[in-house]
Amino acid sequence: MRKKVDLVKAARFSVVINSIQIFLASVIGLMVMLGGDQVLTGTIEQAVIGIMAAIVVWGAIVDIRDAYHAKHIAAESDMLEEAYNQLESLNGTLRAQRHDFMNHLQVVFSLLEMGDTDDAREYIEKVHGDIARTGRALKTAIPAVNALIAAKLNDMDEEGIRANLIITSAWKELPVPGWEMCRVLGNLIDNAADAVKQLPGETLREITIVLGEDASEYRFSVENTGLPIPRELRESIFQAGVSTKGTGRGMGLSIVRSILEKYNGYVQNDMKNGRTRFFGSVPKKV
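Residues numbered from 1 in each chain as written. Predicted model: local features only at pLDDT ≥ 70, side-chain atom pairs only at ≥ 80, totals over all residues. Heavy atoms only, no water.

Assigned secondary structure in the chain consists of six helices and five strands. Written out in order from the N terminus, the α and β elements of the chain read α-α-α-α-β-α-β-β-α-β-β. Looking at the 286 residues of the chain, the share that counts as buried comes to 35%. A separation threshold of at least 6 residues defines the contact pool for the chain, and within that pool the share at least 24 residues apart is 65%. Carbon and sulfur atoms make up 57% of the accessible area of the chain, which amounts to about 17,600 Å² in all. (Helix = DSSP H or I, 4+ residues; strand = E, 2+ residues; numbered from the N terminus. Buried < 20%, exposed > 50% of the residue type's maximum accessible area, 1.4 Å probe, protein only. Contact = heavy atoms within 4.5 Å. Areas by Shrake-Rupley, 256 points an atom, 1.4 Å probe, with all protein chains shown as cover.)

Structural data, given as structure tokens:
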């Protein structure tokens, strides 16, 4: 089986090696220009070395540019793959619900025909709850965001986390690509879920997701009842490597901020009524 190439590591390696190459070639060029006959004899030899140094520098610069481009493509590919998996998960859920729909109708009809109205009502309430968990996420005009939210709602339901979803806008003209907005919301929701999982005993575990817009901005927020962020970390929580989860973590919020700032947006956090909230927006005209 072919070994998977880590494009990010390859890009970093290429940057380091070519940076060293540029430095050494520059030193050679300076020695040729400043050292004169004390370094090399003959005008032709000096010209050849100078040209070689220029070619090496040019090639190294091109390699570094391509390495950064490859790194960017690798990051986009990972996010697109994640979004695709979420869409597949949502599609599978919808297919299963469609397949079961006729069976549910037959059961309800049979119960009503036998006069078991209480059992029919209980059955309808159960089925409605299953469908609502997916249906309530199908409110934006961005399929990837819908898939992400549906998947996260299902995960929270399985983990005993109460989830509230409030969508007042379809985000039809959101300037941020769907797969990048999934990265933003996914990191915020995952962090909120991690926070509420740490709560002891029968403490309320609740997450509220709000998507909306006003005249000038598309807005979002993710609020949770989990443990608060330590005061000393609130100002630096969006810096790479800063995390309440220990060493080796702390990249998610940094990624969120960098994506939003690319589109002139922002993300912040606050505490209100014992709840931690991460909120932000993206202007409609970038």
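Still more ground to cover, so stick around.
Now for the side chain of Ser254. Of note, Ser254 is situated in helix α6 (residues 252–262). Assessed through its relative accessible area of 16%, Ser254 is described here as buried.

Two faces, one strand: in a regular strand the side chains alternate between the faces of the sheet. In this sheet, strand β5 (residues 275–283) lies alongside strand β4 (residues 266–272) in antiparallel orientation, the contact comprising seven bridges. Bridging across to β5, Gln268 finds its partner in Phe279. Counting the residues in the hairpin turn of β4 and β5 gives two residues, including Asn273, whose phi is positive at 55°. (Pairing = 2+ DSSP bridges.)

What follows covers a negative patch on the surface. There is a patch of like negative charges on the surface, built from Asp116, Asp119, Glu122 and Glu125. Topologically, Glu122 is positioned in helix α3 (residues 117–135). (Patch = residues over 30% accessible without salt bridge, like charges linked within 9 Å, V, L, I, M, F, W, Y side chains within 5 Å. Salt bridge = Lys/Arg side-chain N within 4 Å of Asp/Glu carboxyl O. Lys, Arg positive; Asp, Glu negative; His and termini not counted. Charge placed at Lys NZ, Arg CZ, Asp CG, Glu CD.)

Let us look at the nonpolar core. Nonpolar side chains in soluble globular proteins tend to be buried together. Counting residues in hydrophobic clusters, the biggest one holds 42 residues, and the most contacted among them are Trp171, Met181, Ile207, Leu211 and Phe220. Looking at this core, the element that brings in the most residues is helix α5 (residues 178–197), giving nine residues. (Core = buried A, V, L, I, M, F, W, Y, C linked by side-chain atoms within 4.5 Å.)

To continue, consider the side chain of Glu206. As for its position among the elements, Glu206 is in strand β2 (residues 206–213). In this structure Glu206 comes out as buried when scored by relative accessible area, which is 7%. Side-chain polar atoms of Glu206 contact the side chain of Asn164, separated by 2.9 Å. Not counting residues within four places of it along the chain, the set of residues in contact with Glu206 comprises Ile161, Arg162, Asn164, Val196, Glu223, Asn224, Thr225 and Arg275. (Polar contact = N/O pair within 3.5 Å; in protein donor to acceptor, adjacent residues only side chain to side chain.)

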